[in-house]
Amino acid sequence: MSADTPATRSQFTDRRLQFRAWRGTRPFWAGLFILLGGIPIMYFPYANLQIGHLTLAMATTAGAGSLIIGVLLIVLGISLWFQKHVRVFAGVAAILLALVSIPVSNLGGFLVGFLLALFGGAMAVSWAPGEEPTAEPAKTDRTDEGGAPAAMTPGGASEPNDLSGTSPSNGANGRHRA
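In this report, we go over the structure that sits alongside the text. Note that the structure is a prediction, hence the values are computed from the model and not measured.

## Side note on the packing of aromatic side chains
Tallying each qualifying case throughout the model produces nine aromatic pairs. Look at F19 and F28: their rings are 5.6 Å apart centre to centre, the planes differ by 90°, and that puts the pair in the edge-to-face class. A relative accessible area of 10% means that F28 is categorised as buried. Chaining the aromatic ring pairs together yields one cluster made of F19, W22, F28, W29, W81 and F82.

The following block contains the structure:
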């Protein structure tokens, strides 16, 4: 390969860049946190801990409620990835489900699932889609391009830029008129 030959991108690089562009147009991290928050909430009430020959079952009477809350959080996390317009609903629903999981599901999956779902829900509510890039280059605000600043009036002061009607140059005394 010579210095004049352009390097070709691999298929892995192309897929990675496509995923990066897809991820940037939706609340990806909010959905991931909500999804990860649903797993411990759903798992811990059905887990059995083995200590030697002693089996400690963490099953509670609200195991079905924990399963429903966990599955709903996972579905909300996935729906944030593929339907970004439901972000406010999914975020508020995730926050409410995380709060309900505290008394229902072993303190919300021993606070791990609760905190992940709460943080992900807050991220989903606060996410806003970015603006599409414009085709025009950005204008610079440099004074060395384009000449001198705006011309001054004969009195030495620039023209008043105040449109509120409260400037002394407009004949007002600084009070707003009703």
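Next, the rest of the story.
## Quick notes on the nonpolar core
Nonpolar side chains tend toward joint burial in soluble globular proteins. Core analysis: the largest hydrophobic core is formed by 15 residues, its most contacted members being I34, I69, L73, L76, L80, A94 and L97. Secondary structure elements with two or more residues in this core: α2 (28-43), α3 (63-82), α4 (87-104) and α6 (112-126). Leave out the neighbours within four places in its chain, and L80 touches R26, P27, A30, G31, I34, V86, R87, A90 and A124.

## Considering the side chain of S66
Along the polypeptide, S66 turns up in helix α3. At a separation of 3.2 Å, a polar atom in the side chain of S66 contacts the side chain of S105.

Cut-off values and rules
- Residues numbered from 1 in each chain as written.
- Predicted model: local features only at pLDDT ≥ 70, side-chain atom pairs only at ≥ 80, totals over all residues.
- Heavy atoms only, no water.
- Phe/Tyr/Trp six-rings, centres within 6.5 Å; stacked < 30°, edge-to-face > 60°.
- Buried < 20%, exposed > 50% of the residue type's maximum accessible area, 1.4 Å probe, protein only.
- Core = buried A, V, L, I, M, F, W, Y, C linked by side-chain atoms within 4.5 Å.
- Helix = DSSP H or I, 4+ residues; strand = E, 2+ residues; numbered from the N terminus.
- Contact = heavy atoms within 4.5 Å.
- Polar contact = N/O pair within 3.5 Å; in protein donor to acceptor, adjacent residues only side chain to side chain.

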